[in-house]
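Close look at the chain arrangement
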Amino acid sequence: MYQHIVVLTGAGISAESGLRTFRDQDGLWEEHHIEDVATPEGYERDVDLVERFYNSRWEQLHCGNVMPNAAHLALARLEAEFPGQLLIVTQNIDNLHERAGSRRLLHMHGELSKGRCPRSRQTFILREPFGPNNCCTCCIPAQRLRPHVVWFGEMPLGMDRIHEALDHCDLFIAIGTSGTVYPAAGFVDSVNHHGAQTVEVNLLVPDRHSQFQYHLTGRAGEVVPKLVDAILAGHVIGSDLAAL
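Residues numbered from 1 in each chain as written. Predicted model: local features only at pLDDT ≥ 70, side-chain atom pairs only at ≥ 80, totals over all residues. Heavy atoms only, no water.

Some points on the packing of aromatic side chains
The final tally for this structure, using the stated rule, is four aromatic pairs. Ring centres 5.0 Å apart and planes at 85 degrees place the aromatic pair Phe53 and Tyr54 in the edge-to-face group. The same class applies to Phe53 as to Tyr54, namely buried. Here the aromatic rings of Phe172 and Phe212 are separated by 6.0 Å at their centres, their planes lie at 15 degrees, and the arrangement is stacked. With Phe172 in strand β7 (residues 171-175) and Phe212 in the loop between β8 (197-202) and β9 (214-217), the pair connects residues that are 40 residues apart, well separated along the chain. No difference in accessibility class separates Phe172 from Phe212, as the two residues are buried. An aromatic cluster of three or more residues is present, and its members are Tyr43, Phe53, Tyr54 and Trp151. The ring of Phe53 carries the charged tip of Arg57 above its face, separated from the ring centre by 3.8 Å. (Phe/Tyr/Trp six-rings, centres within 6.5 Å; stacked < 30°, edge-to-face > 60°. Buried < 20%, exposed > 50% of the residue type's maximum accessible area, 1.4 Å probe, protein only. Helix = DSSP H or I, 4+ residues; strand = E, 2+ residues; numbered from the N terminus. Lys NZ or Arg CZ within 6 Å of the ring centre and 35° of its normal.)

Below you can see the structure in the form of structure tokens.
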């Protein structure tokens, strides 16, 4: 039976709930240049453009019909029923894990549902879209909140806590992530180094250079509930799970 599990989730798990992923095939973030909407410099150049970009995603998440899917719910059940230590690290900025019931959760790229004071770095729940009147309450004068999102050139959040969990885990699971963007791309190497078992769940068949020991190909909403069932039943990852 495992004692300490770390789960990394990426865009693939949210895409199954109907959220568009940021990256598309021509290298733009949904018809926007990365440098315009996902860098501190872009924010300084055109605050209104960046706010419109994130407001449209905030509205889709909070005002649309986007709901947690079976994979989110299965991970919440794993958290509730697994007797050992568990940390879910997500690269996603949506709140679908929370809405499914997960609490042992770290958003390494920030959260769409929060704004951040640019002076104090204190975060606030975003109850309305970004704009000149959406300001902090920690400063005098109040500061206009910026998206609580890690942009290119900024350090991901919670890295000390993540590395501590990786150092102690005996099972590392990556779900719906390409595994090509650092620092998350290096997580599997870190846990392989001290002998933890590693498994990835993805729609795509892994290439021969993958560092994961086991691969489960298919939709997260179909594969992850079966994987959680197996873990909670006390099974050890191996050939018996490779057919999930």
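Here the narrative resumes, following the displayed structure.
Quick notes on the sheet that holds β8
An order of β3-β2-β1-β7-β8-β9 is seen for the six strands of this open sheet, with the pairing classed as parallel. The sheet is open, and its two edges are formed by β3 (105-107) and β9, each paired on a single side. Neighbour-to-neighbour, the strand axes of the sheet open up by a mean angle of 15 degrees, direction not taken into account. Pairing of β7 with β8, which is carried by five bridges, proceeds in the parallel orientation. Of the residues in β8, the one forming a bridge with Phe172 is Thr198. Here helix α7 (residues 159-168) sits on the sheet in contact with β1 (4-9), β2 (85-90), β3 and β7, set at roughly 130 degrees to β1. Packing of helix α9 (residues 220-232) onto the sheet brings it into contact with β1, β7, β8 and β9, and relative to β7 it is tilted by some 165 degrees. (Pairing = 2+ DSSP bridges. Axes fitted to C-alpha atoms, helices over the stretch in contact; angles between N-to-C directions. Contact = heavy atoms within 4.5 Å.)

Some points on the environment of His72
Mapped onto the fold, His72 is located in helix α5 (residues 70-81). If near-sequence neighbours (up to four positions away) are discounted, His72 is found in contact with Ile13, Ser14, Ser17, Leu96, His97 and Ala100.

Considerations on α7
Within the span of α7, buried status applies to Met159, Ile162, Ala165 and Leu166. Projection of α7 onto a plane perpendicular to its axis shows the buried side chains occupying an angular sector of 125 degrees, all on one side. Exposed side of α7, more than 90 degrees from the buried face: Asp160 and His168 are the residues found there. Those residues of α7 that are buried lie in contact with β1, β2, β3, β7 and α8 (187-193). (Arc of directions from axis to C-beta.)

Notes on the packing of α5 against α9
Contact geometry for α5 and α9: axes closest at 7 Å, N-to-C directions at 15 degrees. In terms of orientation, α5 and α9 fall into the roughly parallel class. Judged by the sense of rotation from one axis to the other, the crossing of α5 with α9 is left-handed. For the pair α5 and α9, the contacting residues are Ala70, Ala71, Ala74, Leu75, Arg77, Leu78 and Glu81 in the first and Ala220, Gly221, Val224, Pro225, Val228, Asp229, Ile231 and Leu232 in the second. Its residues assigned to classes, the contact of α5 with α9 comprises eleven nonpolar, one polar and three charged. (Parallel < 35°, antiparallel > 145°, perpendicular 65-115°, else oblique. Left-handed = near helix turned anticlockwise from the far one by under 90°. Nonpolar A, V, L, I, M, F, W, Y, C, P; charged D, E, K, R; others polar.)

Concerning the sheet that holds strand β5 (residues 123-125)
The strand order β5-β4-β6 describes an open sheet built from three strands, whose pairing is antiparallel. Sheet topology places β5 and β6 (146-149) at the edges, where each strand pairs with a single neighbour. Direction aside, the axes of adjacent strands within the sheet are offset by 55 degrees on average. Note that strand β4 (residues 110-116) and β6 share three bridges and pair antiparallel. Within β6, the position partnered with Arg116 by the bridge is Arg146. Across the sheet, helix α4 (residues 47-63) lies against β4 and β6, angled at about 125 degrees from β4, the strand it touches most.

So, to be careful, I would describe these as geometric facts and stop short of saying anything about function.
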